[in-house]
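For reference, the chains in residue letters:
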Amino acid sequence: MEGLCLNSFTRFLLLLFVFLVFSHKWQRANASEPVLELVKGFEAIPDSSIDSFQPLLTDPNGNFSFGFLRVNGSRLSLAVTHPNLTDPLWVFDPTRSASWSHKTTLFFNGSLVITDPSSRLEWSTHTNGDRLILRNDSNLQVVKTSSFVEWETFDFPGNTLVENQNFTSAMALVSPNGLYSMRLGSDFIGLYAKVSEDSQQFYWKHSALQAKAKVKDGAGPILARINPNGYLGMYQTGSIPIDVEAFNSFQRPVNGLLILRLESDGNLRGYLWDGSHWALNYEAIRETCDLPNPCGPYSLCTPGSGCSCIDNGTVIGECNHENSSPADFCGKTAEFKVVRRDGVEVPFKELMDHKTTSSVGECEEMCVDNCKCFGAVYNNGSGFCYLVNYPIRTMLGVADPSKLGYFKVREGVGKKKSRVGLTVGMSLLAVIALVLMVAMVYVGFRNWSREKRVLEEDNGLSPGPYKNLGSDSFNSVEMSRR
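Residues numbered from 1 in each chain as written. Predicted model: local features only at pLDDT ≥ 70, side-chain atom pairs only at ≥ 80, totals over all residues. Heavy atoms only, no water.

Time to look at unusual backbone geometry. Residues apart from glycine generally show negative phi values, whereas peptide bonds are mostly found in trans. With a phi close to 55°, His126 is a non-glycine residue in the positive phi region. Position of His126 among the secondary structure elements: in the loop between strand S10 (121-124) and strand S11 (131-134). Assessed through its relative accessible area of 70%, His126 is described here as exposed. (Helix = DSSP H or I, 4+ residues; strand = E, 2+ residues; numbered from the N terminus. Buried < 20%, exposed > 50% of the residue type's maximum accessible area, 1.4 Å probe, protein only.)

This is how it looks when you write it as structure tokens:
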């Protein structure tokens, strides 16, 4: 009887072991099939046969997915996506990625964790939740059984703000290329351009009108939120907005999801999902020349005419100056030439500091003596002098010749492409000359070989008017003369 009980107990342990092993393998094998929630014990690795996106979790309506996003062929990022959007709605860290390989592992143990020993990457939500879910509004959440939210992606936006998502003064939207950002001020929304490693330039500002509610000192910072009625609202306390920035769908009865994205050209655009496609619903900047850098470095954007180079002598697309140049003109080797141009204004001048000078010469001198200054723009009418203390980007072209620009250009910069073109041209001519020379030698050799062969076949007689007649022939000629 005791042996029978022991045997039954042994079989029970064996069955339990088999169940645990196969349940773990089942979880891992089915990790690539999207589910509605992930629970403790979930584990997944990238599928090498997938070339774009591997879904792991979906929202109840099936509009959004969370999973592995393949980046640049061999890298991986955790992302929340929509099938009709090119860029993801959220990524775990835009500055880091894992390798798309079996060494990368994602698991949920109360925290959502991704590890990749080959990239020395480890990222975690540092939570103690029971489930990971994706809501109908694309919000990825770690929740307890009591539905208490421990962590959510809405607290860590990337370049996208979703309808009903609170955007606070502690957050920032950052464009996919990392060059532009959106942040809140005390009573405004601002867009900023990264102009150097340690500085940013204001290029768009929307201040609260405060028509229905006022900003109160000491009442706390403001926040922004997309309202389903078709506007971006700014709020401080309560539900009454201090400002309403209307979308195209403002106060129109539409069904769908609204999002706002800071895109790689620096513009802030809103989109409406109507169930079949994303429609453009809002643009903060309407004119191309009002964008922060539409034509590139050392260029000019003229409304109605497009892009040109500041020096007016370079083909557009080739006036981009070396990005590897030092951050300023300080130092013994910082030599530069000067380019002057009339009909020039600094873009978004309303958001830039200026000084008042009596002449364009005085304005220029302020830049000449400052090794951190890259250029100066002077208004001969107002006397305003704008110093550009960052690498020259797109300037604004105007019809007023009294608006004068002075720009420092590093010596040798801008000549690189012409030198490359000259070198390529000279090399091409040398190759052509070499080919012609080889062809001439070859033709000459062929002719010489053919003549030699004819001589050998005719026993020394060669064609043409002059013949080597030999001694016998010469004697015959002499006899005939007699």
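Past the structure itself, the notes keep going.
One pass over the structure, following the stated rule, counts 10 salt bridges. The partner of Asp93 in a salt bridge is Arg96, and the shortest N-O contact between them spans 3.0 Å. Here the residues in one salt-bridge network are Glu263, Asp265, Arg269 and Glu283, joined through shared partners. (Salt bridge = Lys/Arg side-chain N within 4 Å of Asp/Glu carboxyl O.)

Moving on: the nonpolar core. Membership of the largest hydrophobic core comes to 49 residues, with the highest contact counts inside it found for Tyr203 and Met395. Here the element with the most residues in this core is strand S18 (residues 188-196); it accounts for 4 residues. Those residues in contact with Met395 that sit more than four places away from it in its chain are Ser299, Leu300, Cys301, Ile310, Val344, Glu345, Val346, Pro347, Val377 and Phe407. Counting residues in each nonpolar core, the second largest holds 36 residues, with Leu76, Trp90, Leu112 and Leu140 among its members. (Core = buried A, V, L, I, M, F, W, Y, C linked by side-chain atoms within 4.5 Å. Contact = heavy atoms within 4.5 Å.)

Reading across the sheet, the 4 strands line up as S1-S11-S12-S13 and stay open at both edges, with antiparallel pairing between neighbours. The open sheet is flanked by strand S1 (37-39) and strand S13 (149-152), the only strands paired with a single partner. The sheet shows a mean angle of 20° between the axes of neighbouring strands, taken without regard to direction. Here 3 bridges tie S1 to S11, and the two strands are oriented antiparallel to one another. Note that in S11 the partner of Glu37 across the bridge is Ile133. (Pairing = 2+ DSSP bridges. Axes fitted to C-alpha atoms, helices over the stretch in contact; angles between N-to-C directions.)

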